[in-house]
Amino acid sequence: MQTKILTTSNEDIKTAAEIIKSGGLVAFPTETVYGLGANALDAAAVKKVYAAKGRPSDNPMIVHIASVSDLDRLASERSAVAMSLMDHFWPGSLTLVLNKGQEVPDIVTGGSDTVAVRMPDDAVALALITAADRPIAAPSANLSGKPSPTKPSHVMDDLSGKIDAIIAGNDCRVGIESTVLDVTGETLVILRPGIVTKEDIEAVSGVHVEFDPALLKEEPQNDKTEDFKPKSPGMKYKHYAPKARMMVIEGHRDNVKSEIERARKQSEITGDRVGVILFEEKAFAEAAHDFFAKLRELDEQGVDLILAGALSDTDGVGFAVMNRMLKSSGYNIVRV
Ligand code: TXA
Ligand code: MG
C-alpha cells in the first residue's frame, strides 16, 4: 500500500476523514505525539491499527473526541470530578479512563470495561475528528516498542506503506504522550505521567491523586515480573527503545557530567560510537519536547551507546520525562 501524504488544508483533512469513515488508517498530529487513527466504533478498522503497529491486542487505545457530547456514545457515566477535569483540561493532554459505554467495541479497550478518552489540543486533530463525525481511536503512530513520533518523518520511518495516509503537520508541541488518569475508582490514580501533573489535577479536583505503584518502582517491569499487574496494560511492555544500548546516569549534576565524560572516553577507546542526551537543568518542558526526537536522531546517526543524564528534579513534568527515559533504557541506571 502506498501511504498518501496529506497537508493540513481543509480539503486534505476532508480526504483524511473519508479514509477514516471507510475503515482506513490515518496518522495525524496532536499536541503530544502523532496518533494513528481509525474509526473507534469500527472493530475491523481498529484491528488494522494493531497490525500496522505490531501492537499486542490486550493493550487498549485512547479514543479521541472533539466535543464533550461525543462522550455520550463512549462512556456510561461521568462523575462530577471527571466533569470538572474535562472542563478545565480539555482540549488538552489529559486522558481520562472512564466506565465504557456499550457502543465501544471490545477491541478498542482490550476487553476491559473501561475506556480511555481525550480531547486533543490541536486544531488539525480536532478538525479531523469533526470532519470524520465519529470518535477516533489512536495510539501513538510508531511501531510498537519504538520511541513515540513527534514529527511526520518519524511516522513515515515506522509506518510508510502500512497505513493509508498521514496528515503531515507541524512537529508536536509537547513531545511526550498525555497523562492517563483513572477516574473510575474512589481515588484518582495516574497510570501514565505527562505534562498535566499530579499537582495540576489536585488543584482542579480538590482531591488527593495517587500514582499507580508501578510508576514508582525503579526496576525493569515486564510481563515476566510476576507481581507486576499494572492497571494500564501498556505499562508492562518494552517501550520507547532506541536501537542503541542506553544508560541513564543519575546523581548530582557535576558527577553526572563527569561520569558521562568518563564513560564516553572509555567507550570510544573500545570503538563504540557514543551519543549523549543531557538537558539543561530544570528545562523540563524542553526535555519533554526533545526527548523522543533525540533518541531517533541518535539512532539515525548509528551510535552504539546512548548516555543520558537523569533530570535532577523529578517532580511534575520532570517525573514524566524520567518515566520515558528509564523505560527507553530498559531501567539500565548508573548512580554516581
Ligand atoms: O498523547 C497521547 O495519549 C497519544 C496521542 C496520540 O493522543 N496517544 C497515546 O496512545 O499515547 P498509546 O496507545 O500509545 O498509549 C495509550 C496508553 C497505554 O499505556 C494504554 O495501556 C493506556 O493508555 N490505556 C488505554 N486505554 C486504557 C484503559 N481503558 N485503562 C487503562 N489504561 C488504558
Ligand atoms: Mg504508544
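The paragraphs below set out a description of the structure included in this document. Everything numeric in this text was worked out from a predicted model, so none of it was measured. (Residues numbered from 1 in each chain as written. Chains lettered and ligands numbered in written order. Predicted model: local features only at pLDDT ≥ 70, side-chain atom pairs only at ≥ 80, totals over all residues. Heavy atoms only, no water.)

## Here we look at the packing of aromatic side chains
Line of reasoning, step 1. Tallying each qualifying case throughout the model produces 3 aromatic pairs.
Line of reasoning, step 2. Aromatic pair Phe-211 and Phe-319: ring centres 4.7 Å apart, planes at 50°, arrangement tilted. One end of the pair, Phe-211, is in strand E11 (residues 209–211); the other, Phe-319, is in helix H10 (residues 316–328), with 108 residues separating them in the sequence.
Line of reasoning, step 3. Given a relative accessible area of 16%, Phe-319 falls into the buried group.
Line of reasoning, step 4. Taken together, the ring pairs connect Tyr-240, Phe-291 and Phe-292 into an aromatic cluster. (Phe/Tyr/Trp six-rings, centres within 6.5 Å; stacked < 30°, edge-to-face > 60°. Helix = DSSP H or I, 4+ residues; strand = E, 2+ residues; numbered from the N terminus. Buried < 20%, exposed > 50% of the residue type's maximum accessible area, 1.4 Å probe, protein only.)

## Overview of the environment of Glu-177
Line of reasoning, step 1. Examined against the element boundaries, Glu-177 turns out to sit in the loop between strand E8 (165–167) and strand E9 (179–182).
Line of reasoning, step 2. Along the sequence, Glu-177 and Asp-12 sit 165 residues apart, while their C-alpha atoms lie 25 Å from each other.
Line of reasoning, step 3. Dropping the residues within four chain positions of it, Glu-177 is found in contact with Thr-32, Val-33, Ser-148, Arg-192, Pro-193, Gly-194, Tyr-240, Phe-292 and Arg-324.
Line of reasoning, step 4. Polar contacts involving the side chain of Glu-177 include one to the side chain of Ser-148, which spans 2.6 Å.
Line of reasoning, step 5. In terms of polar contacts, Glu-177 uses its side chain to reach the side chain of Tyr-240, at 3.2 Å. (Contact = heavy atoms within 4.5 Å. Polar contact = N/O pair within 3.5 Å; in protein donor to acceptor, adjacent residues only side chain to side chain.)

## Overview of the sheet that holds strand E3 (residues 35–39)
Line of reasoning, step 1. Judged by pairing direction, the sheet is mixed, and its 11 strands sit side by side in the order E1-E8-E2-E3-E7-E4-E6-E5-E9-E10-E11 without closing on themselves. Only two strands of the sheet have a single partner each, and these edge strands are strand E1 (4–6) and E11.
Line of reasoning, step 2. Where E9 lies against strand E10 (residues 188–192), 3 bridges are found, and the strand directions are antiparallel. Residue Leu-181 lies in a different strand from E10, and its bridge partner there is Ile-190. (Pairing = 2+ DSSP bridges.)

## Regarding helix H7 (residues 198–205)
Line of reasoning, step 1. Among all positions of H7, only Lys-198, Ile-201 and Ser-205 are buried. Down the axis of H7, the buried set is contained in an arc of 70°. They therefore lie on one face.
Line of reasoning, step 2. Along its buried surface, H7 packs onto helix H3 (80–89), strand E5 (94–99), E9, E10 and E11.
Line of reasoning, step 3. Of the residues trailing H7, Gly-206 is marked for its positive phi of about 75°. (Arc of directions from axis to C-beta.)

## Some points on the site of ligand 1
Line of reasoning, step 1. In the neighbourhood of ligand 1, 27 residues make up the surrounding shell, with Thr-32, Arg-55, Asn-59, His-64 and Ser-178 lying closest.
Line of reasoning, step 2. Separating an oxygen atom of ligand 1 from a side-chain N or O atom of Arg-55 is a distance of 2.8 Å.
Line of reasoning, step 3. Within the side chain of Ser-178, a nitrogen or oxygen atom sits 2.5 Å from an oxygen atom of ligand 1.
Line of reasoning, step 4. Look at ligand 1: alone it shows 680 Å² of surface, and the protein chains cover 96% of it.
Line of reasoning, step 5. Only strand E4 (62–64), strand E6 (114–118) and E10 provide two or more residues apiece to the shell around ligand 1.
Line of reasoning, step 6. Tallying contributions element by element places E6 first for the shell around ligand 1, with 4 residues.
Line of reasoning, step 7. Its residues placed into classes, the shell around ligand 1 shows 13 nonpolar, 9 polar and 5 charged. (Near = heavy atom within 4 Å. Areas by Shrake-Rupley, 256 points an atom, 1.4 Å probe, with all protein chains shown as cover. Nonpolar A, V, L, I, M, F, W, Y, C, P; charged D, E, K, R; others polar.)

## Topic: the side chain of Arg-324
Line of reasoning, step 1. Locating Arg-324 in the fold gives a position in helix H10.
Line of reasoning, step 2. Here Glu-177 takes part through its side chain, which lies 2.8 Å from a polar atom of the side chain of Arg-324.
Line of reasoning, step 3. If we ignore the near neighbours within four places in the chain, the residues touching Arg-324 are Ile-176, Glu-177, Ser-178, Arg-192, Pro-193, Tyr-240, Phe-291 and Phe-292.

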